[in-house]
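Below, each chain spelled out in residue letters.
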There are 4 protein chains.
Amino acid sequence: MHLSEQGIYYGDYLQLDKILNAQDLESEKAGKTAHDEMLFIVTHQAYELWFKQVIYEIDSILCLFEQPVIHDNSPDFYTIFHRLSRVKTILQLLVKQIDIMETMTPLDFLDFRNLLRPASGFQSVQFKVVEAALGLKQPDRHGELYYISQLRPEHAAAIQKIEERRSLLELTNEWLERMPFFKDAGLWERYAPAFPVQEGLHPFWSDYFQLYGLSLLDNERGNLTRFERFFINDEETPFGKLSFEARRNALFIMLYRDFPLFHLHYQYLSLLLDMDEMMSTWRFRHINMVNRIIGLRTGTGGSTGKDYLKAALDRHYIFNEIAALTTFLIERRSLPVLPAELQQRLGFVVK
Amino acid sequence: MHLSEQGIYYGDYLQLDKILNAQDLESEKAGKTAHDEMLFIVTHQAYELWFKQVIYEIDSILCLFEQPVIHDNSPDFYTIFHRLSRVKTILQLLVKQIDIMETMTPLDFLDFRNLLRPASGFQSVQFKVVEAALGLKQPDRHGELYYISQLRPEHAAAIQKIEERRSLLELTNEWLERMPFFKDAGLWERYAPAFPVQEGLHPFWSDYFQLYGLSLLDNERGNLTRFERFFINDEETPFGKLSFEARRNALFIMLYRDFPLFHLHYQYLSLLLDMDEMMSTWRFRHINMVNRIIGLRTGTGGSTGKDYLKAALDRHYIFNEIAALTTFLIERRSLPVLPAELQQRLGFVVK
Amino acid sequence: MHLSEQGIYYGDYLQLDKILNAQDLESEKAGKTAHDEMLFIVTHQAYELWFKQVIYEIDSILCLFEQPVIHDNSPDFYTIFHRLSRVKTILQLLVKQIDIMETMTPLDFLDFRNLLRPASGFQSVQFKVVEAALGLKQPDRHGELYYISQLRPEHAAAIQKIEERRSLLELTNEWLERMPFFKDAGLWERYAPAFPVQEGLHPFWSDYFQLYGLSLLDNERGNLTRFERFFINDEETPFGKLSFEARRNALFIMLYRDFPLFHLHYQYLSLLLDMDEMMSTWRFRHINMVNRIIGLRTGTGGSTGKDYLKAALDRHYIFNEIAALTTFLIERRSLPVLPAELQQRLGFVVK
Amino acid sequence: MHLSEQGIYYGDYLQLDKILNAQDLESEKAGKTAHDEMLFIVTHQAYELWFKQVIYEIDSILCLFEQPVIHDNSPDFYTIFHRLSRVKTILQLLVKQIDIMETMTPLDFLDFRNLLRPASGFQSVQFKVVEAALGLKQPDRHGELYYISQLRPEHAAAIQKIEERRSLLELTNEWLERMPFFKDAGLWERYAPAFPVQEGLHPFWSDYFQLYGLSLLDNERGNLTRFERFFINDEETPFGKLSFEARRNALFIMLYRDFPLFHLHYQYLSLLLDMDEMMSTWRFRHINMVNRIIGLRTGTGGSTGKDYLKAALDRHYIFNEIAALTTFLIERRSLPVLPAELQQRLGFVVK
């Protein structure tokens, strides 16, 4: 077989003329030798390529979630789940990619460090878009408006536009709210006869409240108050990210994840926690790397990269309110049995 | 070929009768079903097996370092380096091993959690021995004496015994002190004529001090004071882990690592930073895991595992003073040329 | 808080007296120094610990599959899926664990190699049990009966016992056969009017046969014959592992995986391929490692470990017939639309 | 601080306008929906970026090796070692990157597969350049000239040009030849009195030959012939990659790696084996991936990618002759003691 003149050619398809000719060394321009600047550029470009892919996947997920309804029998939720799994796999690689940057020693970095000022990874628009699309709002960012001052107006605007769109966190909240387990599933009727009901309190929750109390150790009793605020009294949570309804439904999914309808839902909620875990692990390893390469000096952008990352590490968890729901689980063997009609609705058609 | 009656048999050699019969489930004793307790036990046993190996390697390293002298031409330092590399590889696996524990969901853990009280990973004697052998002293531990209260006297004593032995950090400090670069290498004579020397100040350092100043950005000027305190005036450092002499020699190795004598030395110093990085990454991922599995509840030991780990994460860096030396590097192209005689001493015999 | 005299103590619970006192060095007995023998022992013990866990998980999966029926609305299939995912995670670690063994250099291994004869990893009963439980039958093993000659009778018997139990492959085949998509789902009726039907040929398949042909490149036309033998004529396949019914249903799941009922089923089939991938990757890295450590010499067991592993690598794929189904997929956009009644049966109850 | 108008801006420096605008989907041009084509493009682009970096590092290594002499006291060999370590780290990432591609299911690939014909990863010029720069010659390639027929003339020429340059394997061979351990180190004189010397046989080797024989098991006796052909009689080896002198010196380094001069040399030889290991692991995982995604179909380039990769996996080992040297090691405790003068030359200057 000979190379066909027609058809697609690998290098053209991948536009390698662009990709492989986008590395101009500042050290070369300055007439200095700095072998490792190539690594510095290529590594950051690889990050940006993957950020593009991550944004592409998350955008497609947001579009699916923005539909008025995600029918349980459509493939949409499966698609969401599958694509978010892929994002997780990519983030795992991005953490691993730090291994490569760590092969650059401090002395090698000094060869070209000052030539890059004031450019900084801080100016990665795409990374901030990823954070915003997942649900990090500007007021929750460490430094709040600081990063905008470092960006060109069009780039700051691009980030702001994403911040105005409903994020994955918000859309997940809405999706959780739409699940009407308690409203119309007969839960009330099942419990009403059996328990003395506080006025205004759904008996499922008063029942559950009691079971939860029984499963606590002595030094965990403070959690009862939290439980009441979170699931019974609809008081604002410390985070305020999930609505009262969404919180309840998310906990419900975690508890009854063994029902078919919840298999994928539960895996999805776990994936959200993976997002936070991978993003924070990336920040953590990034801190360690920066520490090793520049010590107590400042980053090329002028700020102490390490301190910023440290603050971001502590503050930028997005799905922590979902993680916190774990606090309120009880032993599976104590779970209230669901009414038959609800059980049926959580499963497949049976002839 | 038939199975020889003589000779060694795989299962006997590995004492699998012990290893594979050391898993008794508390849930079984209590007549409850808790499938994941086996995973819980096996994972912790795998950790303890590897801790044994880590201790075995570090102990052999300490023994080599405890010799009055490590001759540059003996294989000892290479052996130290090789074994510490192995420890790093093992620690990387231990971080990865958390992936397995994370396959245990919160609900599955609740099945047997309360049966284990008050046992806790906190009571891992071997882990504390690893920390102590590397250089973590009791007063630097978060909670200081707390952990001792959780251990049997003989176990607390075992840890204390290691704390009294010279640690890897201390032995590294001594080893660094023994390198007499400045004392007898003619460095003084080389610089004396060329620079106006402050009284009592070694001209190499005043020279270097100036070069370092030139390589700083405006907002890094505060580092000059640090430099003076660290390398010129012998004032106590914030950490106080490396002596004045050791600090100077370690920086010298980092600067002149291109000379043959320093190749392995430099790799060794980098390995120490890897130790901190792997231990802290392990703590970090551990925190995330604990957070996911028990949320805001307490660990089986009664304390909030997450808070302890968080405090340990921030405080238990052992080789941070070596990491901080990075702050004081200058561009390789500006490095003072070493006197010929010293250059010779840093290399191989040349006929 | 003080250490309670009652309750469980970490070290007792984990039976560390057994685990940490099961390392006796042959080199020590022989009065020789061989530092790395400890690593050799501990690494193999860690492998055996994890094999125990893998067997524990697979056994629980087999038990669930051995039930006469796995009701789609029971949690059983989800449990199977979850536990097999865990096995995958463990196998990933076991591959990574080779990194540690590779820190042992050839020269270090020679220090104690001859003392271990004729023991060999070949004698790992548990590893052979894992292979058998997944579906590797003795006649398919490279060397067939050879390994039995290396084992004590009771160990050979233990493996044989597992070989006689229905394996994961066989139980998966049965589970696939029980899915009655074509028998009673109206597929026949839907297609019958539209296509001229060969005698005895289900119209869904003749329809699909045509579509598949359209999606093939010229040089793939040979696959049409395969298709006919696999899915239409019920001729024996080269592997003969999946029955005619099971093959059809597995392909059906792959094609229509977007329907809720198939979400987990499809993930499960993918996991089976992961099993083969991880086992073969382990064998492959094992070969490379053996090659590096003993070169062309023989293993401690007397055979050339490398050649055995190489033959096993090529022959011991268990789920390759499922992997091969990929060959017969067509573009999603060309998939025949399923009859409404069947669509309904593949989804959740909708009120 | 406000964004400076002067200075370097992150996005400009990385030329993100090129990098992030180089993804045109064929499916989009064809008016079809194929979500995963973006992943396909980005993943391949990330590979090509890293290949560029790998070539950059290897090229710099070749340049250093092409010097007439690498002085033991120059930093060059350390630089070579450091950069090749980095290549290893990058290759490890490239293996891991397959995880991402595996998130593309067969059905998703079919959405756009036929649109790409006849482009193929086979046409990656850079990958072939990497292979050639390491030492893979065209006649040793599976398929020999086949791949050239798939490339544009300028691309085939680029590969050929690298094939004509001395490869890392050849330069390593020359570097090994330059080490004059046996010629002028008094080895001959040390052994001459002690052993009855065969005519023309260096007594070090006859001595070693005997020791090696003693360390062999019965079924390894055939290796003695190999030893004679490899190290004593200078007969062509099966591979013919290392010259007689180079083989001897490489074995010598492996045996006496505990001497300072050999620390880095030994690590370097190990790194070469890592190259083969990572490249072959990449091929192996690639095979598995291709198998899962296209089964028995053909790749987009028209050939059966899997078969090509399989053949390449078996044939494309480059440094296997170095790996094979392991076969000829003897116990460290039996090693002939080197003459004092040679010992001195393998170490540092001692005052």
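As shown above, the structure is provided for reference.
Our subject in this report is the structure included herewith.

1. What about the interface of chain D and chain A?
Residue-level contacts link 74 residues of chain D with 74 residues of chain A. Summed over both sides, the interface of chain D with chain A buries roughly 6,900 Å², with 65% coming from carbon and sulfur. Sorting the residues of chain D by area buried against chain A places Tyr10, Tyr13 and His35 of chain D first, and these three jointly supply 12% of that buried surface. Taken together, chain D and chain A are joined by four salt bridges. Of the charged contacts in the structure, one is a salt bridge between Arg152 of chain A and Asp12 of chain D, with a shortest N-O distance of 2.3 Å. The interface formed by chain D and chain A holds 40 residue pairs in polar contact (both at pLDDT 80 or more) in total. When contributions to the side of chain D that touches chain A are tallied by element, the ones reaching two or more residues are helix H1 (10-13), helix H2 (16-19), helix H4 (37-65), helix H5 (76-96), helix H6 (98-101) and helix H9 (146-149) of chain D. Among the elements that make up the side of chain D that touches chain A, the one with the highest residue count is H4 of chain D (18 residues). Residue composition of the side of chain D that touches chain A, grouped by class: 31 nonpolar, 27 polar and 16 charged.

2. So, the relation of the copies chain D and chain B
Relative to chain B, chain D is turned by 180° and slid 0.0 Å along the rotation axis, the superposed coordinates differing by an RMSD of 0.0 Å. The symmetry that links the two subunits is that of a two-fold axis. Within chain D, the C-alpha atom positioned nearest to the axis of rotation is that of Phe348 of chain D, 2.2 Å from it. Comparing interface residues between copies, 100% of those in chain D also lie at the interface in chain B; the contact surface is shared.

3. A few points about the relation of the copies chain D and chain A
After a rotation of 180° and a shift along the axis of 0.0 Å, chain D superposes on chain A with an RMSD of 0.0 Å. Both copies share a contact surface, since 100% of the interface residues of chain D are interface residues in chain A too.

4. Description of the interface of chain D and chain B
Listed per partner, the contact involves 24 residues of chain D and 24 residues of chain B. Taken together, the two surfaces of chain D and chain B that pack against each other cover about 2,300 Å², and 60% of this comes from carbon and sulfur. Contact with chain B buries surface across chain D, with Asn73, Tyr78 and Phe348 of chain D losing the most and accounting together for 31% of the total. On inspection of chain D and its partner chain B, the count reaches zero salt bridges. Those elements that provide at least two residues to the side of chain D that touches chain B are H5, helix H17 (260-294) and helix H20 (340-345) of chain D.

5. Overview of unusual backbone geometry
In this structure, Gln15 of chain A takes a positive phi of about 50° despite not being glycine. Secondary-structure assignment places Gln15 of chain A in the loop between helix H1 (10-13) and helix H2 (16-19).

6. So, the environment of His316 of chain A
Residue and element names in this part refer to chain A. Along the chain, His316 falls in the loop between helix H18 (305-315) and helix H19 (320-324). Under the relative-accessibility criterion, His316 is labelled buried at 2%. For the pair His316 and Arg283, spaced 33 residues apart in sequence, the C-alpha separation works out to 9.9 Å. If near-sequence neighbours (up to four positions away) are discounted, His316 is found in contact with Glu131, Leu136, Asp140, Arg141, His142, Asp276, Arg283 and Tyr308.

7. Some remarks on the packing of aromatic side chains
The description of an aromatic ring pair uses the distance of the two centres, along with the angle that the planes make with each other. For the structure on display, the rule yields 118 aromatic pairs over all chains. Here Phe65 of chain C and Phe77 of chain C contribute two aromatic rings whose centre-to-centre distance is 6.4 Å and whose plane-to-plane angle is 70°, an arrangement assigned as edge-to-face. Here Phe77 of chain C lies in helix H5 (residues 76-96) and Phe65 of chain C lies in helix H4 (residues 37-65), a separation of twelve residues in the sequence. Given a relative accessible area of 2%, Phe65 of chain C falls into the buried group. With relative accessibility at 7%, the residue Phe77 of chain C sits in the buried group. An aromatic cluster of at least three residues, connected via ring pairs, comprises Trp205, Tyr208, Phe209, Tyr212, Phe227, Phe230, Phe231 and Phe328 of chain A. When the ring centre of Phe230 of chain B is taken as reference, the NZ or CZ atom of Arg247 of chain B above it lies at 5.2 Å.

Thresholds applied
- Residues numbered from 1 in each chain as written.
- Chains lettered and ligands numbered in written order.
- Predicted model: local features only at pLDDT ≥ 70, side-chain atom pairs only at ≥ 80, totals over all residues.
- Heavy atoms only, no water.
- Contact = heavy atoms within 4.5 Å.
- Buried area = accessible area lost by both parts, 1.4 Å probe.
- Salt bridge = Lys/Arg side-chain N within 4 Å of Asp/Glu carboxyl O.
- Polar contact = N/O pair within 3.5 Å; in protein donor to acceptor, adjacent residues only side chain to side chain.
- Helix = DSSP H or I, 4+ residues; strand = E, 2+ residues; numbered from the N terminus.
- Nonpolar A, V, L, I, M, F, W, Y, C, P; charged D, E, K, R; others polar.
- Least-squares fit on C-alpha atoms with pLDDT ≥ 70 in both.
- Buried < 20%, exposed > 50% of the residue type's maximum accessible area, 1.4 Å probe, protein only.
- Phe/Tyr/Trp six-rings, centres within 6.5 Å; stacked < 30°, edge-to-face > 60°.
- Lys NZ or Arg CZ within 6 Å of the ring centre and 35° of its normal.

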